[in-house]
Amino acid sequence: MFNVKWNHKFNIQHLALYITLMKTSLLILAAIALVLILTSIVMAQPPGLPSSPDQAPIDGGLGFLAAAGGAYAIKKIRDKKAVDDI
């Protein structure tokens, strides 16, 4: 009826490509389904009632920074007076 030559190598290559595409599409579909399921399960916690804020201690780091800023200001004032005297 039909005069068709079958090339078995060509058909096996197409079958391998088809199987690879099916595996890839199934993996993508499974990943999408997993993401959709997990996003519905994992939800953010509702906000609680606010409490009084914790007081932050002023420790040596902030005190050192303030002392360094004061020393820098004093140096700038002295340098300005020295330039004005000249």
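Structure's up top.
Residues numbered from 1 in each chain as written. Predicted model: local features only at pLDDT ≥ 70, side-chain atom pairs only at ≥ 80, totals over all residues. Heavy atoms only, no water.

Enquirer: Can you help me understand the overall build of the chain in this one?
Expert: Regarding its fold elements, the chain presents two helices and zero strands. The burial tally for the chain puts 0% of its 86 residues in the buried class. Of the accessible surface of the chain, which amounts to about 8900 Å², a share of 71% is contributed by carbon and sulfur atoms. (Helix = DSSP H or I, 4+ residues; strand = E, 2+ residues; numbered from the N terminus. Buried < 20%, exposed > 50% of the residue type's maximum accessible area, 1.4 Å probe, protein only. Areas by Shrake-Rupley, 256 points an atom, 1.4 Å probe, with all protein chains shown as cover.)

Enquirer: Hey, could you run me through a nonpolar patch on the surface in this one?
Expert: A cluster of nonpolar side chains, contributed by Leu 34, Ile 37, Leu 38, Ile 41 and Val 42, occupies part of the molecular surface with about 510 Å² of accessible area. Mapped onto the elements of the fold, Val 42 is located in the loop between helix H1 (8-41) and helix H2 (60-85). (Patch = residues over 30% accessible without salt bridge, like charges linked within 9 Å, V, L, I, M, F, W, Y side chains within 5 Å. Salt bridge = Lys/Arg side-chain N within 4 Å of Asp/Glu carboxyl O.)

Enquirer: What's the story with the pattern of salt bridges in this structure? I'm lost.
Expert: Two side chains that carry opposite charge are able to pair once their charged atoms sit near each other. In this structure the tally under the stated criterion is one salt bridge. Of the charged contacts in the structure, one is a salt bridge between Asp 79 and Lys 75, with a shortest N-O distance of 2.9 Å. Of this pair, Asp 79 and Lys 75 both sit in helix H2, four residues apart, which is roughly one turn of the helix. A residue is classified by how much of its surface remains accessible, and Asp 79, at 36% relative accessible area, is partly exposed.

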